Amino acid sequence: MAQHTVTLIPGDGIGNETTSAMQRVLAAAGADINWEIAEAGAHLMEIEGTPLPESTIEAVKRNKVAIKGPVTTPVGTGFRSVNVALRQSLDLYVCLRPVISIPGAGGRYDDVDLVIVRENTEDLYAGIEFEEGSKAAAHLIDMVQKTGAGSIRPDSGISIKPISVTGTQNIVRYAFDYAVKHGRKKVTAVHKANIMKHSDGLFLREARKVAEEYADKGIEFDDKIVDAFCMNCVIDPSQFDVIVFPNLYGDIASDLCAGLVGGLGIAPGANIGKDYAIFEAVHGSAPDIAGKNLANPTAEVLSACMMLDYLGEMETAERIRDAVRAVYAEGKYLTGDIRRATGSQEPGCTCTEFTDALVAALQK
Ligand code: ATP
């Protein structure tokens, strides 16, 4: 295979463990990757004054392809989310998350095969927020009152939910193009258009328009209100194929769908734009198990397989996926998250032992 230079952002929390495991697996599979390491995370605040140095963004731009571990985003502080900042600054407008059953991984179903396509730059994730008591919040509250749009309590904090025609068309087109390219049968748009008429309503309206553009491609289109989607997906995930979401619902649905197949430990993902792509597991930094060699590296390894596909190295990616399936099917080396998902009382293996098993499966 050709050599590829890829930016590796290990992140923090379990990121060092999962990305090191991923590197070992790719090396064992013969993937010729020249890793260029770049840093991101809370630990840089003291040295760099930011969790996301400009040099890291530049490194992604230079190589165009990156893979990262998780980066902690503390809840409710002024700390900017590195993940959201990267997606916005590189216009990685697609968040792609295939959810596929792996026999032996403790999933609730054996036949889940769906793809989450989440808009990645807008919605309540846009980061446009006004602090309770601030001048700007007061101004906005006053403006809302004056326009007759409604009233907001004066002691409110406010987050803005922008959903644009451009953003919606881009993400829905991506979902349809993906469906066409991968021989998928149906695209479902998920929304809450009955309540949020001007944001989710716009999303549904534009999704329907884009669906018409693809009418001759033989791909079915339907839509679901997000709460009904959640219930239906838990009852029978096989009714879904490619599912396109605005940002926040896509975030929540990603964890829900990961839960159907065994949990966050096996859920891979990618953030893709027109010029750059960053591959990363769905899970966060899992501080409760960080540094204990207990993390499940499968999600990071499968994210790397998506990266290899993107780089045109499908054969290597498929060999790694075969090895992953073999290790789960054998069931001898499973990390604690998967043991719990399968209802087993046995202790989980370490991240290192699981990775050893994967490497051995590749060498068979
Ligand atoms: P974030 O808000 O940063 O996305 P989160 O709230 O989704 O994070 P995670 O850190 O993703 O939380 O994970 C929640 C829990 O799931 C963790 O505390 C951990 O117990 C478990 N978990 C997540 N990823 C893994 C993994 N790769 N291996 C084992 N357990 C994991």
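Quick note: structure is the one above.
First things first, this report covers the structure right here in the doc. Given the structure is predicted, the values throughout are model-derived calculations rather than measurements.

**What to know about the pattern of salt bridges**
A side chain of one charge can pair with a side chain of the opposite charge when the charged atoms of the two come close. One pass over the full model with this rule turns up 22 salt bridges. Between R205 and E206 there is a salt bridge; the shortest N-O distance is 3.0 Å. Residue classification places R205 among the partly exposed positions, given a relative accessible area of 44%. Put simply, R339 and E346 hold a salt bridge, and the shortest N to O gap is 3.8 Å. The structure contains a network of salt bridges with shared partners spanning D309, E318, R321, D322 and R325.

**Quick look at the pairing of strand β3 (residues 65–68)**
A two-sided burial pattern is seen for β3, the buried positions comprising V65 and I67 on one face and A66 and K68 on the other. The sheet contact formed by strand β1 (residues 4–9) and β3 spans three bridges and is parallel. Within β3, the position partnered with I9 by the bridge is K68. Where β3 meets strand β12 (residues 277–280), four bridges bridge the pair, whose relative direction is parallel. Paired with K68 across the bridge in β12 is E280.

**Description of the sheet that holds strand β5 (residues 113–119)**
The 10 strands lie next to each other as β2-β1-β3-β12-β11-β4-β5-β10-β8-β9, forming an open sheet whose pairing is mixed. Strands with a single pairing partner mark the edges of an open sheet, and in this sheet they are β2 (33–37) and β9 (220–225). When strand polarity is set aside, the average angle formed by the axes of neighbouring strands in this sheet is 25°.

**A word on the packing of aromatic side chains**
Each aromatic ring pair is summarised here by two numbers: the centre-to-centre distance and the angle between the ring planes. Following the criterion strictly, the structure yields six aromatic pairs and no others. With a centroid separation of 4.9 Å and an interplanar angle of 65°, the aromatic rings of F229 and F240 are classed as edge-to-face. Of this pair, F229 sits in helix α8 (residues 226–235) while F240 sits in the loop between α8 and β10 (242–245), placing them 11 residues apart in sequence. The class for F229 is buried, based on a relative accessible area of 0%. Each ring, one from F229 and one from F245, has its centre 5.3 Å from the other, and the planes form 80°; the classification is edge-to-face. Remark: F245 occurs in strand β10 and F229 occurs in helix α8; sequence separation between them is 16 residues. Residue F245 is classed as buried on the basis of its relative accessible area of 0%. Taken together, the ring pairs in this structure connect F176, Y214 and F221 into an aromatic cluster. Its end group placed over the ring of Y125, R118 keeps NZ or CZ at 4.8 Å from the ring centre.

Reading guide: rules and limits
- Residues numbered from 1 in each chain as written.
- Predicted model: local features only at pLDDT ≥ 70, side-chain atom pairs only at ≥ 80, totals over all residues.
- Heavy atoms only, no water.
- Salt bridge = Lys/Arg side-chain N within 4 Å of Asp/Glu carboxyl O.
- Buried < 20%, exposed > 50% of the residue type's maximum accessible area, 1.4 Å probe, protein only.
- Helix = DSSP H or I, 4+ residues; strand = E, 2+ residues; numbered from the N terminus.
- Pairing = 2+ DSSP bridges.
- Axes fitted to C-alpha atoms, helices over the stretch in contact; angles between N-to-C directions.
- Phe/Tyr/Trp six-rings, centres within 6.5 Å; stacked < 30°, edge-to-face > 60°.
- Lys NZ or Arg CZ within 6 Å of the ring centre and 35° of its normal.

So, to be careful, I would describe these as geometric facts and stop short of saying anything about function.
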